[in-house]
Amino acid sequence: MSTDLPDVSGISIGILGGTGDQGKGLARRFALAGNPVLIGSRSAERAQEAAAGLGGQVSGADNATVAAQADVVIVAIPWDGHRSTLESLRAELAGKIVVDCVNPLGFDKQGAYALPVEEGSAAQQAAAVLPDSRVVAAFHHVSAVLLLDPEVEEIDLDVLVLGDDREATDTVQALASRINGVRGVYGGRLRNAHQIEALTANLISINRRYKAHAGLRVTDV
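Quick notes on the rules
Counting restarts for each chain, with residues numbered from 1 along the sequence as it is written. In keeping with the predicted nature of the model, local features appear solely for residues at pLDDT of at least 70, side-chain atom pairs appear and are counted solely at 80 or more, and the whole-chain, interface and lining totals rest on all residues. Remark: hydrogens and water are excluded; side-chain values derive from all non-hydrogen atoms of the structure. Note on aromatic contacts: the rings of Phe and Tyr and the six-membered ring of Trp form a pair at centre separations within 6.5 Å, being stacked when their planes are under 30 degrees apart, edge-to-face when over 60 apart, and tilted otherwise. In DSSP terms, a helix is any run of H or I states spanning at least four residues, a strand is any run of E spanning at least two, and both are numbered starting from the N terminus. Each residue is placed in one exposure class: buried if its accessible area under a 1.4 Å probe, protein chains only, is under 20% of its type's maximum, exposed if it is over 50%, and partly exposed if it falls in between. For the purposes of this section, nonpolar cores are sets of buried Ala, Val, Leu, Ile, Met, Phe, Trp, Tyr and Cys residues that join through side-chain atoms within 4.5 Å. Any two residues whose heavy atoms approach within 4.5 Å are treated as being in contact. Given a helix with a known number of residues, its expected span is that number minus one, times 1.5 Å. Between any two strands, at least two bridges found by DSSP are needed for them to pair. A clockwise path from the first strand over the helix to the second, with the strands pointing away from the viewer, defines a right-handed crossover. Axis lines are fitted through C-alpha atoms, for helices just across the contact stretch, and the angle between N-to-C directions can take any value from 0 to 180 degrees. UniProt positions are given in the numbering used here, feature names are shortened, and annotations may be inferred rather than shown by experiment. Pairing of N or O atoms within 3.5 Å defines a polar contact, subject to two protein rules: one partner must be a possible hydrogen donor and the other a possible acceptor, and residues neighboring in sequence count only if both atoms are side-chain atoms.

- For the protein chain, the name recorded in an unreviewed UniProt entry is NADPH-dependent F420 reductase, with Streptosporangium jomthongense as its organism.

Encoded structure:
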């Protein structure tokens, strides 16, 4: 696998919805890798509380401040607030790499299932809502439990990175690889994000059956 990826050690990472488990878990791992991290929330106070609990170079603010200040912004908000949150931050996110890791899922007594999305996927919806941003899809299959567990030193995972801008996907692959144990692997164009998001439902089923925190590895690259 090519290692010709950019140096992203000094890049600041903003996480919208960073007070949720996935957002906090990613914030923790990026801070451990040495990147400055900004946690965003609708409530600046909640964001600051979450940041204080993580230590390292982690600070908290409202979503708009984080979107404006961070070099790269990860979207880890609940699906039901996805469109409206991004619409409200269009100006702040203009010109930036925006990494969407939202999985549009429903749950019933049979378990998790993928929800239909008019634009095709959450990532494509983000691209439609943010025409002046460089949208990349990534970090869909990371286990928040493992990210937050201080006893887990390495995350055994390939992060599939999708997008239409080579420089942006290279940057996000490099960021994924900052997390100990993780590789960022290019996974195709943004139009193929739907099945990556939907596969999370299958991983949830695997986790329930085998009492695991399953991840994916890609062979022969």
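Still to come is the rest of the account.
**Let's talk about the packing of aromatic side chains**
Here is step 1: Counted under the stated rule, the structure contains one aromatic pair.
Here is step 2: Look at phenylalanine 30 and phenylalanine 139: their rings are 5.9 Å apart centre to centre, the planes differ by 90°, and that puts the pair in the edge-to-face class. Here phenylalanine 30, found in helix α1 (residues 21-32), pairs with phenylalanine 139, found in the loop between β8 (134-137) and α7 (144-148); they are 109 residues apart in sequence, far enough to count as distant. Comparing phenylalanine 30 with phenylalanine 139, the two get one shared label, buried.

**Observations concerning the nonpolar core**
Where a protein is soluble and globular, its nonpolar side chains tend to be buried together.
Here is step 1: Ranked by internal contacts, the top residues of the largest apolar core, which has 37 residues, are Leu26, Phe30, Ile74, Phe139 and Val159.
Here is step 2: Put simply, the parts of the chain that give this core at least two residues each are β1 (13-16), α1, β2 (37-41), α2 (44-52), β4 (72-75), β5 (97-100), β9 (157-163) and α8 (166-176).
Here is step 3: Contact partners of phenylalanine 139, with chain neighbours within four places excluded, come to Gln22, Leu26, Phe30, Ile74, Val99, Cys101, Val159, Leu160, Val172, Ala176 and Ile179.
Here is step 4: Formed by 27 residues, the second largest nonpolar core is a distinct cluster that contains Leu86, Leu93, Val102 and Leu190.

**Some thoughts on helix α9 (residues 193-210)**
Here is step 1: End to end, α9 covers 26 Å across 18 residues, agreeing with the expected 26 Å (1.5 Å per residue, within 8%).
Here is step 2: Looking only at α9, the buried set comprises Ala193, Ile196, Glu197, Ala198, Thr200, Ala201 and Leu203.
Here is step 3: Buried residues belonging to α9 abut β6 (105-108), β7 (111-114), α6 (122-129), β8 and β9.
Here is step 4: One or two steps after α9, the chain reaches lysine 211, where phi turns positive at roughly 50°.

**A word on the pairing of β1**
Here is step 1: Burial along β1 is two-sided: Ile13 and Ile15 facing one way and Gly14 and Leu16 facing the other are all buried.
Here is step 2: In terms of strand pairing, β1 meets β2 through four bridges, oriented parallel. Across the sheet, the residue bridging to leucine 16 is glycine 40, located in β2.
Here is step 3: Crossover handedness for the path β1 to α1 to β2: right-handed.
Here is step 4: In terms of strand pairing, β1 meets β4 through four bridges, oriented parallel.

**Concerning the sheet that holds β8**
Here is step 1: The eight strands lie next to each other as β3-β2-β1-β4-β5-β8-β9-β10, forming an open sheet whose pairing is mixed. Across the chains shown, the open sheet's two edge strands, defined by having one partner strand only, are β3 (58-62) and β10 (182-188). Between one strand axis and the next, the sheet turns through 25° on average, direction left out of account.
Here is step 2: Relative to β5, β4 is paired through four bridges, and the arrangement is parallel. Bridge assignment links valine 73 to a residue of β5, and that residue is valine 98.
Here is step 3: Contacts between α2 and the sheet are confined to β2 and β3, with β3 contributing the most and set at about 170° to the helix.

**A look at the UniProt feature "domain: Pyrroline-5-carboxylate reductase catalytic N-terminal" (unreviewed entry) in the protein chain**
Here is step 1: UniProt feature "domain: Pyrroline-5-carboxylate reductase catalytic N-terminal" (unreviewed entry): in the numbering of this structure it lies at residues 13-104.
Here is step 2: In residues 13-104, the share of helix is 42% and the share of strand is 24%. The end C-alpha atoms are 23 Å apart.

**Concerning the side chain of threonine 200**
Here is step 1: Along the chain, threonine 200 turns up in helix α9.
Here is step 2: Assessed through its relative accessible area of 9%, threonine 200 is described here as buried.
Here is step 3: A distance of 3.0 Å separates a polar atom in the side chain of threonine 200 from the backbone oxygen of glutamate 197.
Here is step 4: Setting aside anything within four residues of it in sequence, one finds threonine 200 in contact with Asn103, Leu105, His140 and His141.

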